[in-house]
Amino acid sequence: MHATTSRKQRLTTIASAIVLTVAATAASLLAAQPAHAATICEQYGTVVAGSYVIQNNRWGTSATQCINTTSNGFSITQQDGVGSTSGAPVSYPSIFLGCHYTNCSPSSPLPKQLSTIGTANSSISYSYPGSGTYNASYDIWLNADTNVSGVQDTEIMIWFNRQGSIQPIGSQTGTANIAGRSWAVWTGSNGANNVVSYLFTGSVINSLSFDVMDFVRDTFTRGSQYGNNSWYLTSVQAGFEPWIGGVGLTVNSFSAAVTNGGGTQPPGTPGTPSASNVTSSGASLSWSASSGTVSSYLVERATGATSTSFSQIGTSSSPSFTDSGLAANTTYRYRVRASNSAGTSGYSGIVNVTTTGGGTQVPGTPGTPSASNVTSSGASLSWSASSGTVSSYLVERATGATSTSFSQIGTSSSPSFTDSGLAANTTYRYRVRASNSAGTSGYSGIVNVTTTGGGGGGSGCTTTATVQSQWNNGYVLQVTVTNTGSSTINGWASTATLPSGHAHTGSWPQAAVVSGQNVTETNQNWNGALAPGQTASWGFQASRPNGNTSLPTTFSCTAS
């Protein structure tokens, strides 16, 4: 399940939101205490630790939690709460600089407008126990104004560690390299604010020194909804979200400091790129430099002569860039903007670049296959032929209703193919591309084909759902998959169809595949095998228009 936000409360009902707001206000009125080896067991107890505030922040359980504080950190000494991994954590004990629900650290430099910040350097050191379900997370809070009395507009959450079947809110939408580490970037919304999460890849992180502004600047490249340089940094916080256990989780040390930007302005807009040395697989770009101070140029690319789906492909410290690994006979579009500590410039103009083909043109993309003569062990496919010269069609298959693990299973000199030797009651996915001496076309669309049951007792499954919680513009559903057949199934794909106007915002225990209004979750390696009558569960959160009280009523399940 994703981590939730802000005091880390989950706004599941209006009543719970009111209770937590009152509790937060009460917590902010607690008398400040010095942090010399203090022990805090009060639900929202806090102590002052030099320039910082340490908070117990046991928002999600009535069970006891205690922390021992130091001059610049703390350790969990008791944590009796148990949270469902398909729900929210039990707390967020943390140390922070800035303002959290009107409780501000001494002489706080925050809130501070982002355009006036030079650096926001921070350092954190963690220790972890050998068991438990938890994350170690660093929160960066942004708001469109200086109001710190409630939920802030954007949460940037940096995951240094996670143990157990938990995940960030939303779904993975990109990657980043920041502070010398690689991160998987997740984006989503909890219905109250937007969340951008940076999940560590590789080994867990025990300590890190970094500039908070590097994460802020990367977040702004993910979409305008996450903020801009006129917004405010309101707090930075380091701590843990335990679901189960957590005794021994320790912030060994924490520091954070914010410096002024000294009036630095964002760079001027760079010139429109021009292309040179264009080949079948690469191109060189150059552009007129921006005015002002430039830390780096951010280079973005889209595929297709009119495409507006740009994504960042690299950076350059000079006004030039070489792109490689491109497809032959393909038009790409490039644009550039410049950045420094004050922010980013406007975008340059767009240049279209078409790679060469080395003579013969690659075939056009074939049509999406259609299936016929589907039996328990085979199916026939046909598709619209590609334009241009076609030497052969390459047919690929994946097993499972949402699988993306395609592999080539055959070729055909005509736009048709018959597949055999398939398993009964199983969903397969097919796609096709055409090839000739110049290369291969793009992939066709994907068709899903489910084999019949072959008349045996066999396997099957159903999907049902119950409402875990709902509010006026959203809801959380707990979904149950049941093996309704007479034999064990080894995998399943469970689908819920959302009503029109509803939108998926997150799912667990893994990110679901969303296609139109269909939200599909597939089994993981630990919950795929189900004996007859046995069940597995997953869940998701969705938003809906204000005043719309409808809930999903259409569900399906495919066993494999």
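Since the model is a prediction, treat every value here as computed from it, not as a measurement.

Engineer: Can you help me understand the state of the cysteines in this one?
Structural biologist: Two cysteines, two sulfur atoms, one covalent bond between them: this is a disulfide. Here the structure, examined in full by the defined rule, presents 3 disulfides. One disulfide in the model links Cys461 with Cys557; its S-S distance is 2.0 Å. Every disulfide takes its handedness from the sign of the S-S torsion; for Cys461 and Cys557 that torsion is -100°, giving left-handed. Note that Cys461 is positioned in strand β34 (residues 461-471) and Cys557 in strand β41 (residues 554-559), a separation of 96 residues in sequence.

Engineer: Honestly, the pairing of strand β19 (residues 282-286) in this entry has me stumped. Any pointers?
Structural biologist: Every regular strand shows the same layout, with side chains that alternate between the two sheet faces. Counting buried residues along β19, 4 of its 5 residues qualify, which places the element largely inside the surrounding structure. As judged from the 3 bridges shared by strand β18 (residues 274-276) and β19, these two strands associate in the antiparallel manner. Residue pairing across strands places Ser276 opposite Ser284, the latter belonging to β19. Turn length for the β18-β19 hairpin, with the two strands adjacent in sequence and antiparallel, is 5 residues, and the turn residue Asn277 shows positive phi of about 50°. As defined by bridge partners, β19 adjoins strand β22 (residues 320-324) across 5 bridges and the pair is classed as antiparallel. In the sheet register, Leu285 faces β22, and the bridge partner there is Phe321.

Engineer: Please explain the nonpolar core as it appears in this structure.
Structural biologist: Within soluble globular proteins, side chains that are nonpolar tend to cluster in buried spots. Judged by nonpolar contacts, the single largest core of 58 residues is most densely connected at Tyr138, Ile140, Phe160 and Phe254. If you look at the next biggest cluster of nonpolar residues, it comprises 18 residues, including Val481, Trp492, Leu530 and Cys557.

Engineer: Would you mind showing me how to read the pattern of salt bridges here?
Structural biologist: Oppositely charged side chains can form a pair if their charged atoms are brought close together. Under the criterion given, the structure shown has 8 salt bridges. Where Arg301 meets Asp323, a salt bridge forms, and the shortest distance between an N and an O atom there is 2.7 Å. With Arg301 in strand β20 (residues 296-303) and Asp323 in strand β22, this residue pair connects regions lying 22 residues apart in the sequence. The class of Asp323 is buried, set by a relative accessible area of 7%. Salt-bridge contacts for Glu396 lead to Arg431; the nearest nitrogen and oxygen are separated by 3.0 Å. Residue Glu396 is found in strand β28 (residues 392-399), and its partner Arg431 is found in strand β31 (residues 427-436); the two are separated by 35 residues along the sequence. No difference in accessibility class separates Glu396 from Arg431, as the two residues are buried. Salt bridges sharing common partners tie together Glu300, Arg335 and Arg337.

Rules and cut-offs
- Residues numbered from 1 in each chain as written.
- Predicted model: local features only at pLDDT ≥ 70, side-chain atom pairs only at ≥ 80, totals over all residues.
- Heavy atoms only, no water.
- Disulfide = S-S within 2.5 Å.
- Helix = DSSP H or I, 4+ residues; strand = E, 2+ residues; numbered from the N terminus.
- Buried < 20%, exposed > 50% of the residue type's maximum accessible area, 1.4 Å probe, protein only.
- Pairing = 2+ DSSP bridges.
- Core = buried A, V, L, I, M, F, W, Y, C linked by side-chain atoms within 4.5 Å.
- Salt bridge = Lys/Arg side-chain N within 4 Å of Asp/Glu carboxyl O.

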